[in-house]
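In case you want the letters, here they are:
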Amino acid sequence: MKQLIASLAAVAVIATPAIAATKTAAPAKAPATKTVAKEAKAEGESAKTEANEHRAAARHHAARHHAAKTHKVMHKTVAKKPATPAKKG
């Protein structure tokens, strides 16, 4: 029994870093400077303004995606009402 517990503990210690490494998300990429500069020049804005707009749009998109995903999950987890028999008459 002691051997079993010791082997399980050893596996847990070894597997924990591997599992933690797979769950980390990749960092968000910053927009390419050249692309932002081209867009800013085409719109007649400064590169800084264009970068701020791009960042705001990315955050807005992420928030909308998260809201849609959460809404979808909510419908799956809510208990459905029992079906009521049809009324006669």
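A.B. asks: How do you make sense of the overall build of the chain when you look at a structure like this?
C.D. replies: In terms of helices and strands, the chain carries three helices and zero strands. Considering the chain as a whole, with its 89 residues, one finds that 4% of them fall into the buried category. Of the roughly 8,600 Å² that the chain leaves accessible, carbon and sulfur atoms contribute 65%.

A.B. asks: How should the side chain of Glu50 be read in this particular structure?
C.D. replies: Position of Glu50 relative to the elements: it lies in helix α3 (residues 47-77). As a buried residue without a salt bridge, Glu50 has its nearest oppositely charged side chain in Arg55, at a separation of 11 Å. Contact partners of Glu50, with chain neighbours within four places excluded, come to Val36, Glu39, Ala40, Glu43 and Glu45.

A.B. asks: What exactly am I supposed to notice about the environment of His54 here?
C.D. replies: Here His54 is to be found in helix α3. Note: C-alpha distance between His54 and Val36 (18 residues apart in sequence) is 8.2 Å.

A.B. asks: Which parts of the structure should I look at to understand a nonpolar patch on the surface?
C.D. replies: Together, Met1, Leu4, Ile5 and Leu8 make up an exposed nonpolar region whose accessible area comes to about 470 Å². As for its position among the elements, Met1 is in the segment before α1 (2-23).

A.B. asks: Got a minute to help me understand the environment of Ala51 in this structure?
C.D. replies: In this structure, Ala51 sits in helix α3. Along the primary structure Ala51 and Glu39 are separated by twelve residues, whereas in three dimensions their C-alpha atoms are 9.4 Å apart.

A.B. asks: When you look at the packing of helix α2 (residues 33-43) against α3 in this model, what are you seeing that I'm missing?
C.D. replies: Helix-helix packing is characterised by the crossing angle of the two axes and by the distance between the axes. Two elements in contact, α2 and α3, have axes whose closest approach is 8 Å; the angle formed by their N-to-C orientations is 110°. The orientation of α2 relative to α3 falls into the category roughly perpendicular. When you trace α2 past α3, the crossing you get is right-handed. Residue-level contacts link Val36, Glu39, Ala40 and Glu43 of α2 to Ala47, Glu50, Ala51 and Glu53 of α3.

About the cut-offs
- As a convention, each chain's residues are numbered from 1 in the sequence order in which they are written.
- Residue-level local features of this predicted model are given only where pLDDT is at least 70; pairs of side-chain atoms are given and counted only at 80 or more, and the full residue set underlies all totals for whole chains, interfaces and linings.
- To get the side-chain values, all heavy atoms of the structure are used, and hydrogens and water are removed first.
- Helix numbering and strand numbering both begin at the N terminus, where a helix is a DSSP run of H or I of at least 4 residues and a strand a DSSP run of E of at least 2.
- Exposure categories follow from relative accessible area, calculated using a 1.4 Å probe and restricted to protein chains: below 20% of the type maximum is buried, above 50% is exposed, and the middle band is partly exposed.
- Only the protein chains shown count as cover for residues, and the accessible areas themselves come from Shrake-Rupley with a 1.4 Å probe.
- The positive count covers Lys and Arg only, the negative count covers Asp and Glu only, and His and the chain ends enter neither.
- The working definition used for a salt bridge is a side-chain nitrogen of Lys or Arg within 4 Å of a carboxyl oxygen of Asp or Glu.
- What makes two residues a contact is simply this: any of their non-hydrogen atoms within 4.5 Å.
- Residues qualify for a patch when their relative accessible area is over 30% and they have no salt bridge, like charges being joined within 9 Å and the nonpolar side chains of Val, Leu, Ile, Met, Phe, Trp and Tyr within 5 Å.
- To obtain an axis, a line is fitted to C-alpha atoms, over the contacting stretch when the element is a helix, and the angle between two such axes runs from 0 to 180 degrees between their N-to-C directions.
- Roughly parallel means an angle under 35 degrees; roughly antiparallel, over 145; roughly perpendicular, 65 to 115; everything else is oblique.
- With the far helix as reference, a near helix turned anticlockwise by less than a right angle produces a left-handed crossing, and one turned clockwise produces a right-handed crossing.

Purely spatial values, then, with no claim about function.
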